[in-house]
Amino acid sequence: DQQVKQNSPSLSVQEGRISILNCDYTNSMFDYFLWYKKYPAEGPTFLISISSIKDKNEDGRFTVFLNKSAKHLSLHIVPSQPGDSAVYFCAAINQGGKLIFGQGTELSVKP
Amino acid sequence: ETGVTQSPTHLIKTRGQQVTLRCSSQSGHNTVSWYQQALGQGPQFIFQYYREEENGRGNFPPRFSGLQFPNYSSELNVNALELDDSALYLCASSLRGQGNYGYTFGSGTRLTVV
């Protein structure tokens, strides 16, 4: 039962363009969402989060949008840089306060 | 402030054996969570420890067990290893009640079962 889904295993964009990573969830009780970035041989690192009472949160080049009615969130990276190449995980906090992750999307930013 | 440290970084075990993975939590954190990340998948929640007691468990069999020590470090034990246990095991520490849930992950232990 995959409660958090990232349906695109990979995404390739040109440097300077926008990267849009998508995430869907099934549990309407989730009230907090996070994005993590993971490089090979490293653990996931926190990138940005959003509470369910908001529909947008912005931090520098990173913006997360939440559409509760569609149970969908997205991460926008503008402008994309080669150093952004990594695996991005969407995660939700469940009622027990535990992180539930999606499958991840591998972003490749080409110079 | 020190981060989360996991040991060993890599490990090869034979099916049926037992393994112990270790995690030192970030300074100031009192909660440890363990995750299993199979190849091409996202991390799956195994269990969490708070005040040396299990505080929530994912869909993993009892042969996955853990401990938390008074200094908040933790161990993950897996008995009767199976080939499907081959994965990256991630430990994350956090401070219970902290805003944005403040999970800090270690770099993981890569377990290969042959």
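Cut-offs applied
Residues numbered from 1 in each chain as written. Chains lettered and ligands numbered in written order. Predicted model: local features only at pLDDT ≥ 70, side-chain atom pairs only at ≥ 80, totals over all residues. Heavy atoms only, no water. Buried < 20%, exposed > 50% of the residue type's maximum accessible area, 1.4 Å probe, protein only. Helix = DSSP H or I, 4+ residues; strand = E, 2+ residues; numbered from the N terminus. Pairing = 2+ DSSP bridges. Disulfide = S-S within 2.5 Å. Core = buried A, V, L, I, M, F, W, Y, C linked by side-chain atoms within 4.5 Å. Contact = heavy atoms within 4.5 Å. Axes fitted to C-alpha atoms, helices over the stretch in contact; angles between N-to-C directions. 1 Å grid on protein atoms, 1.4 Å probe; cavity = no way out; pocket = protein on both sides within 12 Å on 5 of 7 lines; lining within 4 Å. Points joined across faces, edges and corners; volume = space filled by probe spheres on them. Buried area = accessible area lost by both parts, 1.4 Å probe. Salt bridge = Lys/Arg side-chain N within 4 Å of Asp/Glu carboxyl O. Polar contact = N/O pair within 3.5 Å; in protein donor to acceptor, adjacent residues only side chain to side chain.

## Overview of the pairing of strand 5 (residues 44-50) of chain B
All names here are of chain B.
Here comes step 1: When you tally the buried positions in strand 5, you get six out of seven residues, the bulk of the element.
Here comes step 2: Taken together, the six bridges between strand 4 (residues 31-37) and strand 5 define a ladder with antiparallel strand orientation. What sits directly across from Tyr 35, in strand 5, is Phe 45.
Here comes step 3: Following strand 4, the chain reverses through six residues before pairing antiparallel with strand 5; Gly 40 in that reversal takes a positive phi of roughly 80°.
Here comes step 4: Note that strand 5 and strand 6 (residues 53-57) share three bridges and pair antiparallel. Paired with Phe 47 across the strands is Arg 57, a residue of strand 6.
Here comes step 5: Taking the residues that link successive antiparallel strands as the turn, the strand 5-strand 6 hairpin has two residues, and the phi of Arg 51 there is positive, at about 50°.

## A short note on the state of the cysteines
Here comes step 1: Tallied over the entire structure, the rule returns two disulfides over all chains.
Here comes step 2: Through a disulfide, Cys 23 of chain A is tied to Cys 90 of chain A; the S-S separation comes to 2.0 Å. Across the S-S bond linking Cys 23 of chain A and Cys 90 of chain A, the dihedral sits near -70°, which makes this disulfide left-handed. In this pair, Cys 23 of chain A is assigned in strand 3 (residues 19-25) and Cys 90 of chain A in strand 9 (residues 86-93), connecting sequence segments 67 residues apart. The exposure classification of Cys 23 of chain A matches that of Cys 90 of chain A, with both residues buried.
Here comes step 3: For Cys 23 of chain B, the disulfide goes to Cys 91 of chain B, at an S-S distance of 1.8 Å. Looking along the S-S bond of the Cys 23 of chain B-Cys 91 of chain B disulfide, the torsion reads about -60°, which is the left-handed sense. Taken as a pair, Cys 23 of chain B in strand 3 (residues 19-24) and Cys 91 of chain B in strand 9 (residues 87-94) lie far apart in primary sequence, 68 residues in all.

## Concerning the nonpolar core
Here comes step 1: Grouped together as the largest cluster of nonpolar side chains are 24 residues, with contacts concentrated most on Phe 33, Trp 35, Leu 73, Leu 75 and Tyr 88 of chain A.
Here comes step 2: Of all elements in the fold, only strand 3, strand 4 (32-38), strand 5 (45-51), strand 7 (62-67), strand 8 (72-77), strand 9 and strand 11 (105-110) of chain A reach the threshold of two or more residues within this core.
Here comes step 3: With four residues, the single largest contributor to this core is strand 9 of chain A.
Here comes step 4: Not counting residues within four places of it along the chain, the set of residues in contact with Tyr 88 of chain A comprises Gln 6, Leu 21, Trp 35, Tyr 36, Lys 37, Leu 47, Leu 75, Ile 77, Gly 104, Thr 105 and Leu 107 of chain A.
Here comes step 5: Judged by nonpolar contacts, the second largest core, of 20 residues, contains Trp 34, Phe 47, Phe 60 and Ala 87 of chain B.

## Regarding the sheet that holds strand 3 of chain A
All names here are of chain A.
Here comes step 1: On the basis of which strands lie adjacent, the open sheet formed by five strands has the order 1-3-8-7-6 and antiparallel pairing. The two strands at the open ends of the sheet, each matched to only one other strand, are strand 1 (4-5) and strand 6 (56-59).
Here comes step 2: Alignment of strand 3 against strand 8, held across six bridges, turns out to be antiparallel. Counterpart to Ser 19 in the pairing with strand 8 is Ile 77.

## Examining the sheet that holds strand 1 (residues 5-7) of chain B
Residues and elements named next belong to chain B.
Here comes step 1: Strand order in the open sheet formed by four strands is 1-3-8-7, and the pairing between neighbours is antiparallel. Two strands close off the open sheet at either side, each with one partner strand: strand 1 and strand 7 (64-68). Direction aside, neighbouring strands of the sheet carry axes that sit 15° apart on average.
Here comes step 2: When strand 7 meets strand 8 (residues 74-78), the two strands line up antiparallel, connected through five bridges.

## What to know about the layout of surface pockets
Here comes step 1: Of the voids in this model, the largest pocket is the one considered here, and its volume is about 570 Å³.
Here comes step 2: Taken together, 30 residues form the lining of the largest pocket, with Lys 38, Pro 40 and Val 87 of chain A together with Gln 37 and Arg 110 of chain B sitting closest to its centre.
Here comes step 3: Breaking the lining of the largest pocket down by element, the ones donating at least two residues are strand 9 and strand 11 of chain A.
Here comes step 4: When residues in the lining of the largest pocket are grouped by element, the largest group, four residues, is from strand 11 of chain A.

## Thoughts on the interface of chain A and chain B
Think of interface size as the accessible area that goes away when the parts come together; that is how it is often given.
Here comes step 1: Taken residue by residue, the interface counts 18 residues in chain A and 18 residues in chain B.
Here comes step 2: The junction of chain A with chain B conceals about 1,500 Å² of combined surface from both sides, 61% of it contributed by carbon and sulfur atoms.
Here comes step 3: When the buried surface of chain A facing chain B is broken down by residue, Lys 98, Leu 99 and Phe 101 of chain A rank first, second and third, together holding 32% of it.
Here comes step 4: At the surface where chain A touches chain B, the tally comes to zero salt bridges.
Here comes step 5: Between the two partners, chain A and chain B, sit two residue pairs in polar contact (both at pLDDT 80 or more).

Everything listed here is a matter of coordinates, which is why it stays silent on function.
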